[in-house]
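Remarks on the overall topology
Listed below are the residues making up each chain.
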Amino acid sequence: MASADPRTRPLRDGDPRTRDRRVDVFVALGTAVVALGLLIGLPPLDALEPDGPALALRVPAPFTAAWTVLALGLLVQSAALLAARRAPRTVLVAVSALPALVAALAPQSLDLFGLTALPVVVAVVLAALRVPLARLWPTLLVAGALVAAGSAVLSGALGQGVLQAVGAVGLPLLVTLLVRSRREVRAARTAEASAVFREQDALVDAAVSRERAAMARELHDIAAHHLSGIALMAAVIDRQIDSDPERAHEGARQVREQSTAVLDELRRLVGLLREDVPAERAVETVAGIVDLVERARFRSDVRLDVLAGDHARGAQALADGVGPLAQLAAYRTVQEALANAALHAPSAPCTVTVDDRDPTRVVIRVENAPAAAPAAPTSPSGGNGLRGMRERSELVGASLQTGPTATGGWLVELALGREAPAAPAQAADGGEVVA
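Residues numbered from 1 in each chain as written. Predicted model: local features only at pLDDT ≥ 70, side-chain atom pairs only at ≥ 80, totals over all residues. Heavy atoms only, no water.

This part is about the overall build of the protein. Check the secondary structure of the protein and you find ten helices and six strands. Counting every position in the protein, which comprises 435 residues, the buried fraction comes to 35%. Taking contacts inside the protein between residues at least 6 apart in sequence as the whole, the part at least 24 apart equals 73%. (Helix = DSSP H or I, 4+ residues; strand = E, 2+ residues; numbered from the N terminus. Buried < 20%, exposed > 50% of the residue type's maximum accessible area, 1.4 Å probe, protein only. Contact = heavy atoms within 4.5 Å.)

Here is the structure:
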């Protein structure tokens, strides 16, 4: 059975911990190889100069006690780098303290003592990459003091020790901070670009959701109005087919007309969604409510009251100053209210009132009396009609009120503001049109 502790699980090649350990080993091994290579190779290279040794290095002979102490010191410094990932500050202090011990044990290695600064440089770089500067600076000061002390002990000159501390600690720190800052800037830009992409995706999703909601409202308004009428007329035809064949035939013709109308509306809606076919879309207005009421009279008792003001002359001038989107919302609201009245209050009288007398707004009311007969059962997932009314009214900034009346009926009232003052008529008094 495999162990549940991740620390005791066998490491695989793709495990991040395996890659980190390989990197640590590569850094430590590389540092040791370079340091020992310089220790072994610098004196022979200097002796090969044709004009004599250029550096005149005074170093102990290979494999003597002093040479061995220096080589072991470099190896121990390099091995300590293996723990730099887990304890970077501790490793930096330890690597910086070892040169002082080498200086005390092998004073003959003065000319090659600078090689002990190489592991210190690597330790500074690793610590600066992994620890914030605010937490690292005390350790850097200690490391610089240790490097300066080791060099001063061996050379007897404090200035040379300070110079070596600046070269081993200060310069690598500046370079590493520069590299880290550029890396952080690049990461910030990447994160910003990702945030922009996510924001764009969110905007696209929101736009798609709005379009889906708009299409759902439009489809519901189209289908619910016509299909509810078809269902009611089919029920009437079923009762009249034996007792009154003429009325049943008239009802069948109305069902056919309603079916044709809903198919035409659905074709227009599909045409709006397709890009390869030009869409033919009739824009419904407040004036179209007159025809809407006329069609609704075939299945229920509907009365239309048009209260026209001084600015309105005939049906075509209704809702002057109301924008096309608001007029479409008014038409759909009346359409849905009539469908709901026919569904929930069959055979109850219904009154549609278009009040156009106020020069600042248009008020449309649909009020039905209490149901004279029990309504047909509805789907438990209903309520989409009222929700669509509210969404349309909020979209155009209109005021919608729905609820039961004092007599037990139902009232839907929509108030639309005018975008521009209603145009005054040259001559006419306010009047009332009753259909």
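Turning to a positive patch on the surface, a few remarks are in order. Taken together, Arg182, Arg183, Arg186 and Arg189 make up a surface patch of like positive charges. Among the secondary structure elements, Arg182 is positioned in helix 6 (residues 158–243). (Patch = residues over 30% accessible without salt bridge, like charges linked within 9 Å, V, L, I, M, F, W, Y side chains within 5 Å. Areas by Shrake-Rupley, 256 points an atom, 1.4 Å probe, with all protein chains shown as cover. Salt bridge = Lys/Arg side-chain N within 4 Å of Asp/Glu carboxyl O. Lys, Arg positive; Asp, Glu negative; His and termini not counted. Charge placed at Lys NZ, Arg CZ, Asp CG, Glu CD.)

This part takes up helix 2 (residues 65–80). End to end, helix 2 covers 22 Å across 16 residues, agreeing with the expected 22 Å (1.5 Å per residue, within 8%). Along helix 2, the residues classified as buried are Ala66, Trp67, Leu70, Ala71, Gly73, Leu74, Gln77 and Ser78. An end-on view of helix 2 places all buried positions within 155° of arc, on one side of the element. (Expected span 1.5 Å × (residues − 1). Arc of directions from axis to C-beta.)

Further remarks concern empty space enclosed by the protein. All told, the structure shown has two cavities of 30 Å³ or more when counted by the stated rule. In this structure, the largest cavity encloses a volume near 40 Å³. Along the walls of the largest cavity sit Ser300, Val302, Leu338, Ala341, Ala342, Ala348 and Cys350, which together make up its complete lining. It is helix 9 (residues 324–344) that contributes the most residues to the lining of the largest cavity, three residues altogether. Residues of the lining of the largest cavity, tallied by class, amount to six nonpolar, one polar and no charged. Approximately 30 Å³ is the volume found for the second largest cavity. Ala330, Thr333, Val334, Ile364, Val366, Val412 and Leu414 are the residues that line the second largest cavity. Of all the secondary-structure elements, those providing two or more residues to the lining of the second largest cavity are helix 9, strand 3 (361–368) and strand 5 (410–417). Sorting elements by how many residues they give to the lining of the second largest cavity places helix 9 first, with three residues. When grouped by side-chain class, the residues that make up the lining of the second largest cavity number six nonpolar, one polar and no charged. (1 Å grid on protein atoms, 1.4 Å probe; cavity = no way out; pocket = protein on both sides within 12 Å on 5 of 7 lines; lining within 4 Å. Points joined across faces, edges and corners; volume = space filled by probe spheres on them. Nonpolar A, V, L, I, M, F, W, Y, C, P; charged D, E, K, R; others polar.)

Averaged over every residue, the pLDDT of the protein is 78; the share at 70 or more is 74%. Note that pLDDT drops below 50 for residues 425–434; the model gives that stretch 20 contacts with residues more than four away or on any other chain. (pLDDT = per-residue confidence, 0-100.)

Here the focus is the pairing of strand 3. In the sheet, strand 2 (residues 350–356) pairs with strand 3 via six bridges, with the strands oriented antiparallel. Bridge pairing in strand 3 places Val352 opposite Val366. As consecutive antiparallel partners, strand 2 and strand 3 are separated by four residues. Bridge count for strand 3 against strand 5 is eight bridges, and the pairing is antiparallel. The residue bridging Val362 from the neighbouring strand is Leu416, located in strand 5. (Pairing = 2+ DSSP bridges.)

It is worth spelling out the nonpolar core at this point. Core analysis: the largest hydrophobic core is formed by 29 residues, its most contacted members being Leu338, Val352 and Ile364. Counting residues per element, the ones that place at least two in this core are helix 8 (289–296), strand 1 (302–308), helix 9, strand 2, strand 3 and strand 5. Beyond its immediate stretch of four places on either side in the chain, Ile364 contacts Val286, Ile289, Ala330, Val334, Thr353, Val354, Val412, Glu413, Leu414 and Leu416. With 24 residues, the next largest nonpolar core counts Ala127, Leu136, Leu140 and Ala143 among its residues. (Core = buried A, V, L, I, M, F, W, Y, C linked by side-chain atoms within 4.5 Å.)

The interhelical angle for the contact between helix 2 and helix 3 (residues 88–105), taken along N-to-C directions, is 175°, at an axis separation of 9 Å. With respect to their mutual orientation, helix 2 and helix 3 come out roughly antiparallel. The segment helix 2 lies against helix 3, with Val69, Leu70, Gly73, Val76, Gln77 and Ala80 engaging Val91, Val95, Leu98, Pro99, Val102 and Leu105. Looking at the contact of helix 2 with helix 3 residue by residue, the classes come out as ten nonpolar, two polar and no charged. (Axes fitted to C-alpha atoms, helices over the stretch in contact; angles between N-to-C directions. Parallel < 35°, antiparallel > 145°, perpendicular 65-115°, else oblique.)

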